[in-house]
Protein chains: 2
Amino acid sequence: MKTHVFGAHVDRRVLLSSFAALPLPALLRSTAALAQDAGSTLASWNDGAAKQAIIDFVRVTTDRSSPKFVPPPERIATFDQDGTLWVEHPMYTFVTYCLERVPILVKAKPGLKEVEPFKTVLSGNQDEIAKLTTPDLEKILAATLTGMTVEEFKAEATKWLDAARHPRWNRSYTELIYQPMLEVLRFLRANDYKTYIVTGGGQDFARMGSEKIYGIPPEQVVGTASATKYEYDKDGRPTLFKEPKLMLFDDFGGKAEGIHLMIGRRPYAAFGNSTGDQQMLEYTGAGDGARLMMLVLHDDAQREYAYGPAQGLPDTKVGTFTQALYDEAKKDGWTVISMKNDWKRIFAFD
Amino acid sequence: MKTHVFGAHVDRRVLLSSFAALPLPALLRSTAALAQDAGSTLASWNDGAAKQAIIDFVRVTTDRSSPKFVPPPERIATFDQDGTLWVEHPMYTFVTYCLERVPILVKAKPGLKEVEPFKTVLSGNQDEIAKLTTPDLEKILAATLTGMTVEEFKAEATKWLDAARHPRWNRSYTELIYQPMLEVLRFLRANDYKTYIVTGGGQDFARMGSEKIYGIPPEQVVGTASATKYEYDKDGRPTLFKEPKLMLFDDFGGKAEGIHLMIGRRPYAAFGNSTGDQQMLEYTGAGDGARLMMLVLHDDAQREYAYGPAQGLPDTKVGTFTQALYDEAKKDGWTVISMKNDWKRIFAFD
């Protein structure tokens, strides 16, 4: 195979341009090259402890002469999605999707019109909707994310995501990706890290656009998942039906459990922004050798949002970064990323 | 990054030898090259319909000018393990492991000594053990595969697998891999297919040696999985505890469900050998474009085993290839691999 390709009948330019598209093996790369790469790849990061922590981690884990070298197959990095890779305010995108699906659901099942919590959602009263409890939200999620085939769900959700606009920026949610984090994903992948999304949100929802948005294929998306059921449709065609039965609750301890189920290896790097990511970072940090744990602190009301309540930021109940989590980060050597100070720009369109 | 590597200060021989280790991009490869590759890669296959089906499938899905071309990220191939990749007789290896764990389990929990089905297993009476029902086996599996941390399980099972020998060949189970299937795995991977194991056996058990045995990393192993629970051990260290609670039953329809959960894409190729693989092959075949579905028929009592009961082979209850499955294969255009006729050799040591 190799002999053939390196033989005479392959055009040299074609060969070079093809290789140029390939990820470069770590063994070819010197520390100087890495620093150069990081400088151009992490272009939206201000110099500082956060940027340096990323560069140092990649250096010690990819340099073959380093005692903390990690063989490429073991290079796993996991990223929370909401509030870590894209905007989660005023509400998680997948919850917004579920809430907006309620009128369509009620059209199909009119009996739900007078039943709570669907009645409150239909009222459109934002104050009342904001007061819905977790069990209420779970009912809405179960009703809107299941009861259809996986293909039907994907088609519906894709259509919604293409059309939906964020109320503040009037832009697609898929544009509200943090450019600095996109650069981290690329930098890690260029260094043979396999990047995963590990989200508390719906797995099928998060998978939908992950390849296009982040360059992360569906098989590298771990999320809260309902069971599916293998059935034959009326034409005898095999199909997978989304059941209203929770299979994996991928938040808090469930993130570590989901990582074991879906990846089977402990990550070397983990990124989050809330108490839902605490256990994923703890699990990552409990491994041997060099590990990188980072938390995005939303402290930039002007360019994005400011909420916490770490460091006295307001508690908005969406993406809760408590003071206790902040203290654990300090104690355990996790790096807190200040959006305000560490990020030169937030979005690609900035 | 690329400029640097193609610059003057990289030794040309280092560069070439590094590239030689990389998978070659499909766009460089002609049909003639593919046939040449297949000839040397599928060396343990006799010429015939089965070998040709594999070569034809790879050609039409990787040739950019083919109407059935499949973009590399979508190239997913799934393989059952027991009876498809390695020997499953006289008993599935992971069940053998569980049965052999019973004495150790009873040592730790003496109360189980007089409780069925543990009592029967301890008796050593092979005829009685062979009569254990599925619920009996499930009890044994739950008791021996759970109740410990994931690290403890991995350490114990690895130790067992290193030491265990197959009663017929007196060789490690990891040597009883079908060489022709190993060649198919390599041939598909050389053509940018991502290869997965999708097994009815325990996921953590199958993951243990998958990288070394098949070149398949743990994150590409889908299997029957128990839930884990995130806990802190007595030293406050985060740990995942294997719970006696079935999460994914990865057999029959569960294989299609497991593929959706863990991969999120429909495979283009699927390989099995029993009724437990039927739905995985149906699900694969229900996709558009070119799909490859293959079933290994164990019809070689001399070199391996002969069981079925398709084509009048004996029904041994381990790896059931029924006549109905055989008929479905014929009707739906799946390819049946005859071990006796299609495989030049069975094992690497043959």
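See the structure shown above.
These numbers were taken from a predicted model, which means no experiment stands behind them.

Here we take up the pairing of strand β1 (residues 76–79) of chain A. Residue and element names in this part refer to chain A. Of the two faces of β1, the one holding I76 and T78 and the one holding A77 and F79 are both buried throughout. Bridge count between β1 and strand β2 (residues 194–202): four bridges; the pairing is parallel. Note that in β2 the partner of F79 across the bridge is I197. Direction of pairing for β1 relative to strand β5 (residues 269–272): parallel, over a ladder of three bridges. When the bridges of β5 are listed, F79 appears paired with F271.

Turning our attention to the environment of B:D82. All names here are of chain B. Along the chain, D82 turns up in the loop between β1 (76–79) and α5 (93–108). Residue class for D82 comes out buried when judged on its relative accessible area of 7%. Separated by 118 residues in sequence, D82 and G200 have C-alpha atoms that sit 8.3 Å apart. What D82 contacts, discounting residues up to four positions off in sequence, is E88, Y92, T93, F94, T199 and N273.

Let us now look at the packing of helix α11 (residues 203–214) of chain A against helix α12 (residues 253–262) of chain B. Between α11(A) and α12(B), the least distance of the axes is 10 Å, while the angle of their chain directions is 60 degrees. Between α11(A) and α12(B), the angle is such that the two are oblique. Mapping the contact onto sequence places A:Q203, A:D204 and A:R207 in α11(A) and B:H260, B:L261 and B:M262 in α12(B). The residue inventory of the contact of α11(A) with α12(B), partitioned by class, reads two nonpolar, two polar and two charged.

Residues and elements named next belong to chain B. What the seven strands build is an open sheet, ordered β4-β3-β2-β1-β5-β6-β7; its pairing is mixed. Looking along the sheet, the strands with just one partner apiece sit at the ends: β4 (238–248) and β7 (335–338). With direction set aside, neighbouring strand axes in the sheet form an average angle of 35 degrees.

With that settled, the discussion passes to the environment of B:V58. All names here are of chain B. Along the chain, the position of V58 falls in helix α4 (residues 49–62). In this structure V58 comes out as buried when scored by relative accessible area, which is 0%. Along the sequence, V58 and L292 sit 234 residues apart, while their C-alpha atoms lie 9.1 Å from each other. Residues within four places of V58 in sequence aside, it is in contact with L34, F187, L188 and N191.

What counts and how
- Residues numbered from 1 in each chain as written.
- Chains lettered and ligands numbered in written order.
- Predicted model: local features only at pLDDT ≥ 70, side-chain atom pairs only at ≥ 80, totals over all residues.
- Heavy atoms only, no water.
- Buried < 20%, exposed > 50% of the residue type's maximum accessible area, 1.4 Å probe, protein only.
- Helix = DSSP H or I, 4+ residues; strand = E, 2+ residues; numbered from the N terminus.
- Pairing = 2+ DSSP bridges.
- Contact = heavy atoms within 4.5 Å.
- Axes fitted to C-alpha atoms, helices over the stretch in contact; angles between N-to-C directions.
- Parallel < 35°, antiparallel > 145°, perpendicular 65-115°, else oblique.
- Nonpolar A, V, L, I, M, F, W, Y, C, P; charged D, E, K, R; others polar.

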